[in-house]
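Survey of secondary and tertiary structure
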Amino acid sequence: MNPLLTRLQPYPFERLRALTKDVRPNPDLAPISLGIGEPKHPTPEFLKLALTSSLDGLAAYPATAGLPAMRRACAGWIERRYGVTLDADTEILPVNGSREALFSLAQTVIDPSRDRERGGPVIVCPNPFYQIYEGSAYLSGATPVFANSDPARNFAADWSQIDDETWSRTQLLFVCSPGNPTGAVVPMEEWEQLFALSDRHGFVIASDECYSEIYFRDEPPLGALQAARRLGRGLERLVVLTSLSKRSNVPGLRSGFVAGDPALLKAFLLYRTYHGSAMSTTVQQASITAWDDEAHVVENREMYRRKFAQVTPVLAEVMDVALPDASFYLWARVPEAVCGGSDTEFTRELLAQYNVAVLPGSYLAREAHGINPGAGRVRMALVAGVDECLEAAHRIAAFIRASTTS
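Attention in this report is confined to the structure presented alongside it.

Reading the values: the criteria
Residues numbered from 1 in each chain as written. Predicted model: local features only at pLDDT ≥ 70, side-chain atom pairs only at ≥ 80, totals over all residues. Heavy atoms only, no water. Pairing = 2+ DSSP bridges. Helix = DSSP H or I, 4+ residues; strand = E, 2+ residues; numbered from the N terminus. Buried < 20%, exposed > 50% of the residue type's maximum accessible area, 1.4 Å probe, protein only. Right-handed = clockwise from strand over helix to strand, strands pointing away. Contact = heavy atoms within 4.5 Å. Axes fitted to C-alpha atoms, helices over the stretch in contact; angles between N-to-C directions. Salt bridge = Lys/Arg side-chain N within 4 Å of Asp/Glu carboxyl O.

**A short note on the sheet that holds strand S10 (residues 329-333)**
- Pairing in this open sheet of three strands is antiparallel, and the strands run S10-S13-S12 from one edge to the other. Across the chains shown, the open sheet's two edge strands, defined by having one partner strand only, are S10 and strand S12 (359-360).
- Sheet topology places S10 next to strand S13 (residues 377-381); five bridges connect them, and they run antiparallel. By the bridge assignment, Leu 330 is partnered in S13 with Met 380.

**Examining the pairing of strand S7 (residues 204-208)**
- Counting buried positions along S7 gives five out of five residues, so the element sits mostly inside the fold.
- Residues Val 204, Ala 206 and Asp 208 of S7 are buried on one face, and the alternating residues Ile 205 and Ser 207, pointing to the opposite face, are buried as well.
- As judged from the five bridges shared by strand S6 (residues 170-176) and S7, these two strands associate in the parallel manner. If you follow Phe 174 over to S7, its bridge partner there is Ala 206.
- The β-α-β motif built from S6, the intervening helix H7 (residues 188-201) and the parallel element S7 has right-handed crossover chirality.
- Pairing of S7 with strand S8 (residues 238-243) involves four bridges; the strand directions are parallel. Across the sheet, the residue bridging to Asp 208 is Leu 241, located in S8.
- Handedness of the crossover is the feature at issue here: the chain leaves S7, passes through helix H8 (residues 224-230), returns alongside S8, and the resulting connection is right-handed.

**Thoughts on the sheet that holds S6**
- Read from one edge of the open sheet, eight strands run S2-S9-S8-S7-S6-S3-S4-S5, paired in mixed fashion. Two strands bound the open sheet, and with one partner strand each, they are strand S2 (92-95) and strand S5 (156-157).
- Inspection of the sheet shows S8 paired to strand S9 (residues 256-260) by five bridges, in the antiparallel sense. Across the sheet, the residue bridging to Thr 242 is Phe 257, located in S9.
- In the packing of H7 onto the sheet, the strands contacted are S5, S6, S7 and S8, and the crossing angle to S7 comes to about 150 degrees.
- Relative to the sheet, helix H10 (residues 262-275) contacts S2, S7, S8 and S9, its axis offset from that of S2 by approximately 35 degrees.

**Concerning the pattern of salt bridges**
- For the coordinates displayed, the defined rule picks out 20 salt bridges.
- The shortest N-O distance in the salt bridge between Arg 348 and Asp 22 comes to 2.8 Å. Taken together, the positions of Arg 348 in helix H13 (residues 343-354) and Asp 22 in the loop between helix H1 (12-20) and strand S1 (32-33) put the pair 326 residues apart, joining distant regions of the chain.
- In this structure Asp 22 comes out as exposed when scored by relative accessible area, which is 57%.
- Among the charged side chains, a salt-bridge network with shared partners connects Asp 115, Arg 118, Glu 165 and Arg 169.

Treat this as a map of the structure, not an account of what it does.
Structural data, given as C-alpha cells:
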C-alpha cells in the first residue's frame, strides 16, 4: 500500500459520525441538518431537460479536453462575470467538479524530488480549510503548511505566519475565495501580496472559487483572474477552479472547469488523459446550458439572501456570528457559558436536545502556530429551505438560552 495514505486524517463527516454515534436525538423534534454543505435548492427544470435530451452522447468516449462548445461556454461566462477574455482552446479545461481537480492538480504541479535536503516541497493552505487541500498535499509528496484565519480581519488568512524559508520551498498555494467555512473574500491588496510572493518564489496559485455566485453585497466577489488583469499581470502560475454545484444546484452533475496559465493547463491535460477523468458528453451538454444562463443563478442567490437575512439576526442575539461576505455558511462562535465553549460538546448536546446537526469548527482546521483556529466555532450550512433553516436557528437560540440560564 502507498505509505502516504497513512498520513490522511478522517474526513470531517466521518469524525462527526464518530462524535455523535452514541447520541440519541430528541425524538419529539424533526431532524434538521446544517452539517453538510450540499445544496438543497431545487435543480432548475431546464437543466434537467438539457441533461435528459443529451443522452445520445453516451454512445461515444468523451475527449479529456472537452467539447469546444463547452470550453467556449466556460470562457464566455468568465468574460461576462469577470471581464477577462481567455483562449477557450488553451486556457480552459473542463473537470468533473472542483474537488477532483483540486486533488489532481497537486499531482501535476508538485515535484517531490525538490528540496529534499530542506524537508521537501510545501503546499500552503488557509486554516480552517477544505480538507482536499491537505489530502492532495500528502499524496503528492508535499507537506501542508497552514496560515490561520484572523477573526479581527474578517477571517482573512494571515499569510505573514508563513516564514520566508517555507515560502522558498512552496510549490503550490491554495486560496479559497469566498472561503469555506468563513465566507471571507480575498481583497485586491491581498492578491497583490500573494502574486508578489509567487513571483519571488515561483510557486503556483490555485484559487478555489466554487462559492463565487452566492454573495450578499451588491458587488460580486473579486476573482483571481480579475485581480491579475487589474494589476496588469499575465496568467503565469495562476489557475482558478470553479463549479456548477453551488451556482446551479447540481452537485450530482460533477461539472466544473479550471482556467488560467496555458502551460499549466497543458500539463494538467496530459495528466488527466492518463488519469481517465474526461467529462461525459451528456454532462457537458447540460453544463453548456447552465453556464449560458444567468437568470437561475440570480434567483438562487436571492433565495440565499432572503434566508440569511432571516436566520442571521436570530442567531446573532445569542452567539458571535455575522453575515459572511459570501458562501452559504455561518461561522459562529460557541458562547463560553455553553458547554464551556467547546465546539464538539456543543454539537453533541444540540443534537441530543434539539435534533439539529452542525459541524465542529475544529474538525475543519489543524493545530498551527499554537492554536486550532476552528476550535470553539461551529459551521452551519444554510442549504435547506428558509422555513427549515429558520426553525433550526430558533432551536439553537433556545438551546443557548436554556444552557445559560440553567
